[in-house]
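As a plain string of letters, each chain reads:
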Amino acid sequence: MQNVASHILSDRIMALSESQTIAMAKKGRELAAQGFDIINLSFGEPDFQTPQYIKDAAKQAIDEGFTFYTPVPGFPALRQAIADKFKRDNNLDYAPENIVVSTGAKQSIANAVMCLVNPGDEVIVFSPYWVSYEEIVKLAEGTPVPLQGRLENDFKVTPEQLESAITSNTKLVMYSSPCNPTGSVFDEQELLALAKVLEKHPQVYVIADEIYEYINFGGKHASMASFDFIKDRVITVNGFSKGYAMTGWRVGYIAAHKDIAAACDKMQSQITSGTCSIAQKAAHAALLGGNESALEMRDAYRRRRDLVLEIMQGIPGFKTNVPNGAFYIFPDVSHYFGKSYNGQIISSALDLSLYLLTDAHVALVSGEAFGAPQCIRFSYATSDDKLIEALRRIKESLAKLQ
């Protein structure tokens, strides 16, 4: 059947890689179904419940019959609330016409890439990067150009690196801050230095993924769009999944120049049309309710980060930065390459993640998926007890490798 499918299916889908975070979670579920006690640290999903006031707003929307199609870019009150949020939290001036609401931030990113990238255009992707960036660029027939940030620099790309990577074919730069998978956060001065490089290249646009904005342990969040000289070339992506624990609601959005927003509206009109009306009402309530619950979750994540880093100090061979946001630890595990146990040789981070899944029964994600093949991503968006037990198992399993 696989050979038949390869003749039937498009080159586009055959060239597309499966999301490795989803693939590892699937393997973990398969082992759990066989009766194994799997601790899943592979998924980027808050373990908190959506705040009650948001759920109540969704119930009210159903009761009031808000069950019809909405405008493609989102219903007006929500787009206004998002514009107000940008002013309140980021000191950015946007009108509703600059906002497009989509079915998750992933669709927001895909819309923007599809609207900007032509076949052969180069897209610089700050690496390590979220797993879907490179694949979305490939779908648009662009050429991904990973730009590697070094562990010693908190995995951050420097202005000098960016300048050297830009060519006449460069159309777009993509990054996340706070970053998935490294937890690194660009501060205002670092973003300004990058923006000054981009100022010299007016053909280059930016997708700034700020989905982890509220999970920032270092102070005020900084946005690339805050610099007026480049604002019209920045597409800021955000959403509700991380800060408001609304992963299953699937609501994301962009803020962009009105021409880019209109193009994304047009693209979305032919793919999904408007996002679920009930989810939009819930998102509206989330914004009107402020970010108190988001900050409470942030504080819990910071405490868990410190717990994991403290325990990791007792695990030989792990090298990591101190993440300043999101809810991931991304250690370099190359110390274990070439080691083996019971005939299983560890040649890569993928080998190590599969070994830890089968031996320690802990699901993690290999760094290959994020452009960093020497690393493994740990999510600490789970309980203290599970984190402590997972790290105990990992340390025990790693000690077997010789």
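If you're wondering where the values come from, they're calculated on a predicted model, not measured in any experiment.

### Some remarks on the pattern of salt bridges
At step 1: Going through the model one piece at a time under the given rule, you end up with 19 salt bridges.
At step 2: One salt bridge in this structure joins Arg304 and Asp47, with 2.8 Å as the shortest N-O distance. Taken together, the positions of Arg304 in helix H12 (residues 292–312) and Asp47 in the loop between strand E1 (39–40) and helix H4 (52–63) put the pair 257 residues apart, joining distant regions of the chain.
At step 3: Taking relative accessible area as the criterion, Arg304 reaches 6% and is therefore assigned buried.
At step 4: The exposure class of Asp47 is partly exposed, given its relative accessible area of 37%.
At step 5: Between Asp359 and Lys400 there is a salt bridge; the shortest N-O distance is 3.1 Å. Of the two residues, Asp359 is situated in helix H13 (residues 349–360) and Lys400 in the segment after helix H14 (384–398); the sequence distance between them amounts to 41 residues.
At step 6: The exposure class assigned to Lys400 is partly exposed, which follows from its relative accessible area of 29%.

### With respect to the sheet that holds strand E14 (residues 376–379)
At step 1: Read across the sheet, three strands follow the order E9-E14-E13 without closing on themselves; strand pairing throughout is antiparallel. Both edges of this open sheet fall to strand E9 (328–329) and strand E13 (365–366), since each of them pairs with a single strand only.
At step 2: Bridge analysis of E9 against E14 gives two bridges, and the strand direction is antiparallel. Counterpart to Ile329 in the pairing with E14 is Phe378.

### Things to note about the sheet that holds strand E6 (residues 205–209)
At step 1: With respect to topology, seven strands assemble into an open sheet ordered E2-E8-E7-E6-E5-E3-E4, the strand pairing being mixed. The sheet terminates laterally at strand E2 (99–102) and strand E4 (143–148), the two strands that pair on one side only. Here the average twist between neighbouring strands, direction ignored, is 20°.
At step 2: Sheet strands touched by helix H7 (residues 131–139): strand E3 (122–127), E4, strand E5 (170–176) and E6. Its angle to E4, the strand with the most contacts, is close to 155°.

### Considering a nonpolar patch on the surface
At step 1: Nonpolar side chains collect at one region of the surface, where Ile8, Leu9, Ile13 and Met14 lie side by side and expose about 390 Å² of accessible area between them.
At step 2: Looking at the secondary structure, you find Ile13 in helix H2 (residues 11–14).
At step 3: By relative accessible area, Ile13 is classed as partly exposed at 41%.

### Here's the deal with the packing of aromatic side chains
At step 1: Scanning all chains against the criterion turns up 21 aromatic pairs.
At step 2: For the pair Tyr214 and Tyr244, a centre-to-centre distance of 5.8 Å together with 85° between the ring planes defines the contact as edge-to-face. Pair noted here: Tyr214 is in the loop between E6 and strand E7 (234–239) and Tyr244 is in the loop between E7 and strand E8 (252–255), with a separation of 30 residues, a long-range link. Across this residue pair, the class does not change: Tyr214 and Tyr244 are buried.
At step 3: Grouping aromatic residues by their ring pairs yields a cluster made of Phe86, Tyr94, Tyr214, Phe240, Tyr244 and Tyr253.
At step 4: The ring of Phe86 is capped by Lys85, whose NZ or CZ atom sits 4.8 Å from the centre of that ring.
At step 5: Of note, Lys281 hangs over the ring of Phe66, and the distance from its end group to the ring centre comes to 4.6 Å.

Conventions and cut-offs
Residues numbered from 1 in each chain as written. Predicted model: local features only at pLDDT ≥ 70, side-chain atom pairs only at ≥ 80, totals over all residues. Heavy atoms only, no water. Salt bridge = Lys/Arg side-chain N within 4 Å of Asp/Glu carboxyl O. Helix = DSSP H or I, 4+ residues; strand = E, 2+ residues; numbered from the N terminus. Buried < 20%, exposed > 50% of the residue type's maximum accessible area, 1.4 Å probe, protein only. Pairing = 2+ DSSP bridges. Axes fitted to C-alpha atoms, helices over the stretch in contact; angles between N-to-C directions. Contact = heavy atoms within 4.5 Å. Patch = residues over 30% accessible without salt bridge, like charges linked within 9 Å, V, L, I, M, F, W, Y side chains within 5 Å. Areas by Shrake-Rupley, 256 points an atom, 1.4 Å probe, with all protein chains shown as cover. Phe/Tyr/Trp six-rings, centres within 6.5 Å; stacked < 30°, edge-to-face > 60°. Lys NZ or Arg CZ within 6 Å of the ring centre and 35° of its normal.

In short, shape yes, function no, at least from these values alone.
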